[in-house]
There are 2 protein chains.
Amino acid sequence: MKRIKLTISYVGEKYNGWQKQSNGNGIQGILEEAIKKVTHEETALEGAGRTDAGVHAWGQVAHFDTNSRLNPQKFFYAINQFLPDDIKVLSSCEVSSDFHARFSAKKKTYMYKFYESEVILPLLEFDATKIGTNFNFNLAKKALKYFKGTKDFKSFCSVNTKVKSTVRTIYKIKLKKEKNVIKLFVTGNGFLYNMVRIISGTILEVGMKIKKPEDIKTIFEKQDRKFAGRTMPAKGLTLEKIEY
Amino acid sequence: MKRIKLTISYVGEKYNGWQKQSNGNGIQGILEEAIKKVTHEETALEGAGRTDAGVHAWGQVAHFDTNSRLNPQKFFYAINQFLPDDIKVLSSCEVSSDFHARFSAKKKTYMYKFYESEVILPLLEFDATKIGTNFNFNLAKKALKYFKGTKDFKSFCSVNTKVKSTVRTIYKIKLKKEKNVIKLFVTGNGFLYNMVRIISGTILEVGMKIKKPEDIKTIFEKQDRKFAGRTMPAKGLTLEKIEY
């Protein structure tokens, strides 16, 4: 038995997110079906992160076990034969049996993309969210430092989050601007439900002067979702990479 | 009666191209319907260029005449209310009655986008065409100079082209590379049917060493479509701007 690690990219637009769906519209399930066609075995694919409906991925990681004798490095070519163009495996390799796509992950990086415009720009709508033209980039940057480090993110996750601990570590958080496109990169040891989308919405509100940079400190103290900013739409979010 | 000039952006993916279609799936027709809802008049919209099915646009230009008393600069807001998110008017203004979106155009710029990869990259498939990894960028650049100037582009248009003259002028042609994405920008006084897609395919074949840069000269002399390179898919093509 071999354990195979896959790096996967997808456009989230048409799917109900990563998780397997009874209607067959989850990305995990579509990949399992494709793998089955290659290995002729029942397959359980474990992903590093459960992306929501509409969220894109450049480097989702997943693993599965197989008795197939196919060269592990060439597995991805075979699987791709059975995948649509908006879900593709970029690479594959053999890993040790104690590797786990989710539990072995050390760092995850997400990117949220905004664009400044009064009008919807059709060619940017594909993976970005319009934010108008009253966004102060330098002010928004001042909010970043408050998110860094190991903190309780209770105020920055969906009220439906059911986990033992809402403490997470953010290693890196960066805002980049190129012309009218603004990208927020966040790297952490893990993320709570809607956490990146709420952090993005809070930083947006700082840039729009709805909140002050130093308000973030108070929001953390309140430990209550309602004090943070809006939850940004799924569409602007991309899972960039998983590090092990 | 006022003449209104519109600058329009769209994602070509779901449409049968610019030209009005009897099935309602042409971008021109969708815009005319939206304008009609604003002006309550029958409207004939003239576009600067007829983009094919699947071709995107950042700056298509079109004009129409109206008796509406709406502020010409605000027309686009009203029209956008009746348009889907993948077709939007970016701006509007009044022009003199001798302005014609197509006949007054001095320069048109198209962009063709390729990406280098062995595997389909879902997040680039939206507006670019995969070309493998054996593309020599510097070699391809050497082909560019042969296209510049006023020439007979008979070898570089579809055999179905029915026009009096196949002579056109290319003012500027440029290749840019950023990581694995290559963009070809072409500015000319006008383009024949499939001309940008065939020029793109020919430059691609030079980069792939199927053709030599100096072969372009011979291809022009042959005045025969079959000597040029392949017609690239519509998807990688974007109408960038029209200048007056």
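Whatever comes next refers back to the structure up there.
Report on the accompanying structure. (Residues numbered from 1 in each chain as written. Chains lettered and ligands numbered in written order. Predicted model: local features only at pLDDT ≥ 70, side-chain atom pairs only at ≥ 80, totals over all residues. Heavy atoms only, no water.)

The next subject is the interface of chain B and chain A. Often the size quoted for an interface is simply the accessible area lost on bringing the parts together. Contact with chain B, which involves 25 residues of that partner, is made by 25 residues of chain A. Between chain B and chain A the total buried area reaches about 1900 Å² when both faces are included, carbon and sulfur atoms providing 79% of it. Joining chain B to chain A, the criterion identifies zero residue pairs in polar contact (both at pLDDT 80 or more). Those elements that place two or more of their residues in the side of chain B that touches chain A are strand S1 (2–10), strand S3 (56–66), helix H2 (75–80) and strand S4 (87–95) of chain B. Sorting elements by how many residues they give to the side of chain B that touches chain A places S4(B) first, with four residues. Partitioning the side of chain B that touches chain A into residue classes produces 16 nonpolar, four polar and five charged. (Contact = heavy atoms within 4.5 Å. Buried area = accessible area lost by both parts, 1.4 Å probe. Polar contact = N/O pair within 3.5 Å; in protein donor to acceptor, adjacent residues only side chain to side chain. Helix = DSSP H or I, 4+ residues; strand = E, 2+ residues; numbered from the N terminus. Nonpolar A, V, L, I, M, F, W, Y, C, P; charged D, E, K, R; others polar.)

There is about 2100 Å³ of room inside the largest pocket. In terms of lining residues, the largest pocket is bounded by 45 residues, among which A:Lys113, A:Glu178, A:Lys183, B:Lys113 and B:Glu178 are the most central. Looking at the lining of the largest pocket, the elements with two or more residues in it are strand S5 (107–115), strand S8 (167–178), strand S9 (181–188) and strand S10 (237–243) of chain A together with strand S5 (107–115), strand S8 (167–178), strand S9 (181–188) and strand S10 (237–243) of chain B. The element contributing the most residues to the lining of the largest pocket is S8(A), with six residues. Partitioning the lining of the largest pocket into residue classes produces 18 nonpolar, six polar and 21 charged. (1 Å grid on protein atoms, 1.4 Å probe; cavity = no way out; pocket = protein on both sides within 12 Å on 5 of 7 lines; lining within 4 Å. Points joined across faces, edges and corners; volume = space filled by probe spheres on them.)

The next point concerns the relation of the copies chain B and chain A. Rotating chain B by 180° about the axis while translating it 0.0 Å along that axis superimposes it on chain A, leaving an RMSD of 0.0 Å. Such a turn and shift between the copies fits a two-fold axis. Considering only C-alpha atoms, the part of chain B nearest the rotation axis is B:Phe126, at 4.1 Å. Looking at chain B, 100% of its interface residues are interface residues in chain A too, so the copies touch through the same face. (Least-squares fit on C-alpha atoms with pLDDT ≥ 70 in both.)

Moving on to unusual backbone geometry. Residues and elements named next belong to chain A. Unlike most non-glycine residues, Lys179 shows phi in positive territory, near 55°. When you line up the elements, Lys179 lands in the loop between S8 and S9. By relative accessible area, which is 77% here, Lys179 ends up exposed. Residues other than glycine seldom take positive phi values, yet Gln223 does so here, at roughly 50°. (Buried < 20%, exposed > 50% of the residue type's maximum accessible area, 1.4 Å probe, protein only.)

All names here are of chain A. Those residues of helix H5 (residues 215–222) that fall on the buried side of the exposure criterion are Ile216, Ile219 and Phe220. The arc that holds the buried residues of H5, viewed along the axis, is 100°, so those residues lie on one side. Opposite the buried face of H5, by more than 90 degrees, sit the exposed residues Lys217 and Glu221. Among the structural elements, strand S7 (149–152) and helix H4 (195–207) are those in contact with the buried residues of H5. (Arc of directions from axis to C-beta.)

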